[in-house]
Every structure is written in structure tokens, then in C-alpha cells.
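Letter by letter, the chains look like this.
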Amino acid sequence: MPREPVSAARRKAAAVATGAGRVGGRDPDPTRSVILAAATDEFATHGLGGARVDRIAERAGINKRMLYYYFGHKDDLFLVVLEESYRRIREAEVELNLTRTDPVEGIRRLVTFTWNYYREHPEFIRLLNSENMHRAEHLKRSRHIRAMHSPLVATIEDLLERGRRTGVFRAGVDPVQLYVSIAGLAYFYLSNQHTLSTIFGRDLDAPRELAERLSHMIDVVLGYLIRG
């Protein structure tokens, strides 16, 4: 079914949906926040294909017409959910204050934070799984996602450079590759812990296993970075 023309009101709403109305990191519109919370849960539970706008509207306590006014169609809403999910993790990383932290401690904090955040926000992993199934076609339309991640790359680059200057870290480390490795060490384990637990006959969700995993991740990353 072809999409209806986007009215001026809906274009304005779309601008709000992508953060134009945000003040100091807080959403001034409670209706938008309620819709996003309901949509995040729906998309994380059912994926993009299985998610239903009717259920999102019902959970948010609104009618579908209002949902469309705020966010447009389901794919547009999914993009905003993805952007909001990334915004939350990036804002939380800023609070680590890594630019004022010893490089070794900074990397340790980043690894620990990434691991804990993924554990505490399983919906984030499920949303990424869904978007990867769609080959990131929604994020490719985002006007905000790259700018959102630039500070993270710059922060890691600063840690690496300060560590290199003091002779602690090896030279030539790509900050993007390093972050992908950090995220991957956490992401793969948590995304596959049920199958891995079955294959190896160990409860990888047990507290001791989780603690050992974090310790292993820190050792792997610092073992790569620290000069012998």
C-alpha cells in the first residue's frame, strides 16, 4: 500500500521525534516518551516484522492516529526507537568521564560499562539483532546516528593516544576496531548464552560465570593494548 503524503504537521512531529524538541537530554513531551517506551518493548519482543502498531498504541494508551501523528509509519517509529536506544547508551558512556581517567583504568571502565549495559538492557541487543536482519536499512536513513557516535570514537582515540604517549599502550590501534572488539566480546556471549550453555553443559548465566566473563574480557582487551 503506498504511503500517504506527509503533511506539514507530521513533518513537524517527525522533527520532534528525532530529538529536535529535546531539552537537556530530557523529553519535554510525555506522550512521545510513553509511545517510545511501548514501541521499544514491542519491537524488542517481536522484532520489526512481528511488531504491531495496534499493540503499541494500546500499551501507550493512545489511538493509532495520534501515534501516526507523532512518528509516521511503523518503519519511521522503529528508526526513532533505534536512535533513542543508541542515544541512551552514548549518554551513559559520557558519564564515565573517560577523558579525565588514566588510560588503563579508562579502558577497564569502558569494557565493564559495555558488559553491564548489555546485561541490564537486553532490549538493546534484541533491537540490534532485528535491525541487522534488515541490513541496517533504517539506520542508513538516520541523520543523527553518525554524529551520535563521533564523540565515542574521539574518546577512545584520546585514551589510546594518552596510553601510547606514556609508553603503556601499543601504537597503531584503530579506535573503531577496538570498540567493535569490546562490544563483540559482550554481545556474542549474551546473545548466545542459551545455546552456549547447552553446548558446553555450563550455566553461562550463573553469577560466577558472568563475573569470570567480565574478568576475561578485561584481560583480553588490556592484554592486546598493553605493551609487553
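Predicted, not measured: the structure shown is a model, and the values here were computed from it. (Residues numbered from 1 in each chain as written. Predicted model: local features only at pLDDT ≥ 70, side-chain atom pairs only at ≥ 80, totals over all residues. Heavy atoms only, no water.)

**Overview of the layout of surface pockets**
In this approach, a probe sized like a water molecule rolls over the atoms, and the result shows the empty space that is left. Where we set the bar: Think of a 1 Å grid over the protein atoms and nothing else: a 1.4 Å probe that fits but is trapped marks a cavity, an open set flanked by protein within 12 Å on at least five of seven lines marks a pocket, and residues with an atom within 4 Å of a point count as lining. Grid points are joined across faces, edges and corners, and a volume is the space filled by probe spheres set on the points. To qualify as a helix, a DSSP run of H or I must reach at least 4 residues; to qualify as a strand, a run of E must reach at least 2; elements of each kind are numbered from the N terminus. Any residue that is not Ala, Val, Leu, Ile, Met, Phe, Trp, Tyr, Cys, Pro, Asp, Glu, Lys or Arg is counted as polar, Gly included; the first ten are nonpolar and the last four charged.
Within this model, the largest pocket holds a volume of roughly 690 Å³. Taken together, 26 residues make up the lining of the largest pocket; nearest its centre are Y86, R90, L139, H149 and Y179. Mapped by element, the contributors of at least two residues to the lining of the largest pocket are α5 (74-94), α7 (122-133), α8 (145-165) and α9 (175-191). With seven residues, α9 is the single largest residue contributor to the lining of the largest pocket. Taken together, the residues of the lining of the largest pocket sort by class into 16 nonpolar, five polar and five charged.

**Overview of the packing of aromatic side chains**
The condition is simple: Two rings from Phe, Tyr or Trp (for Trp, the six-membered ring) form a pair when their centres sit within 6.5 Å of each other. Planes less than 30 degrees apart are called stacked, planes more than 60 degrees apart edge-to-face, and all others tilted. Each residue is placed in one exposure class: buried if its accessible area under a 1.4 Å probe, protein chains only, is under 20% of its type's maximum, exposed if it is over 50%, and partly exposed if it falls in between.
This model, assessed by the stated rule, comprises nine aromatic pairs. Ring centres of F113 and Y117 lie 5.5 Å apart, and the angle between their planes is 35°; this geometry places the pair in the tilted category. Here F113 and its partner Y117 are both found in helix α6 (residues 103-120), four residues apart, which amounts to about one turn of the helix. Accessibility classification places F113 together with Y117 in one group, the buried group. Plain terms: the ring middles of Y118 and F124 are 5.9 Å apart, the flat faces sit at 40° to each other, and that makes the pair tilted. Classification of F124 as buried rests on a relative accessible area of 3%. Taken together, the aromatic side chains of Y86, F113, Y117, Y118, F124 and Y187 make up a single cluster linked through ring pairs.

**Focus: the nonpolar core**
The criterion, for reference: Put simply, a nonpolar core is a bunch of buried Ala, Val, Leu, Ile, Met, Phe, Trp, Tyr and Cys residues held in one set by side-chain atoms that sit within 4.5 Å of each other. Should any heavy atoms of two residues lie within 4.5 Å, those residues are counted as being in contact.
Within the largest apolar cluster, 64 residues are counted, with the highest numbers of intra-cluster contacts made by F43, L77, I107, Y118 and L178. The contacts of L77, once residues within four sequence positions are left out, are I35, L36, A39, F43, I56, L67 and F71.

**Quick notes on the environment of V94**
Along the polypeptide, V94 turns up in helix α5. Taking the C-alpha atoms as reference points, V94 and L152, 58 residues apart in sequence, are found 8.2 Å from one another.

**What about α9?**
Helical geometry note: an α-helix holds 3.6 residues per turn, so side chains three or four residues apart project in the same direction. What counts here: The length a helix should cover is 1.5 Å for every residue beyond the first. The angle separating two fitted axes, one through the seven residues that finish at a residue and one through the seven that start at it, defines the bend at that residue. Within 3.5 Å is the distance limit for a polar contact, defined as a pair of N or O atoms, with the added protein rule that one can donate a hydrogen and the other accept it, and that residues adjacent in sequence qualify only through two side-chain atoms.
Over its 17 residues, α9 extends 24 Å from the first C-alpha to the last, a length consistent with the 24 Å expected when each residue adds 1.5 Å. The largest bend along α9 measures about 25° and falls at G184. Within α9, the full set of buried residues consists of P175, L178, Y179, I182, A183, A186, Y189 and L190. For α9, the secondary structure elements touched by its buried residues are α5, α6, α7, α8, α10 (193-200) and α11 (207-225). If you check the start of α9, you find a side-chain oxygen 2.8 Å away from the backbone N of V176, and it comes from D174.

**Topic: the pattern of salt bridges**
Counted only if it meets this: Just to be clear on terms, a salt bridge is a Lys or Arg side-chain nitrogen sitting within 4 Å of an Asp or Glu carboxyl oxygen.
Throughout the structure, instances matching the rule amount to 16 salt bridges. With its nearest N and O atoms 2.9 Å apart, the salt bridge here joins R162 to D158. Of the two residues, R162 and D158 are both situated in helix α8; the distance of four residues between them amounts to about one turn of the helix. By relative accessible area, D158 is classed as partly exposed at 27%. One salt bridge in this structure joins R165 and E161, with 3.8 Å as the shortest N-O distance. Pair noted here: R165 and E161 are both in helix α8, with a separation of four residues, about one helical turn. Take R165: its relative accessible area is 56%, and that puts it in the exposed class. Beyond isolated ion pairs, a larger network of salt bridges with shared partners links R32, E84, R87 and E91.

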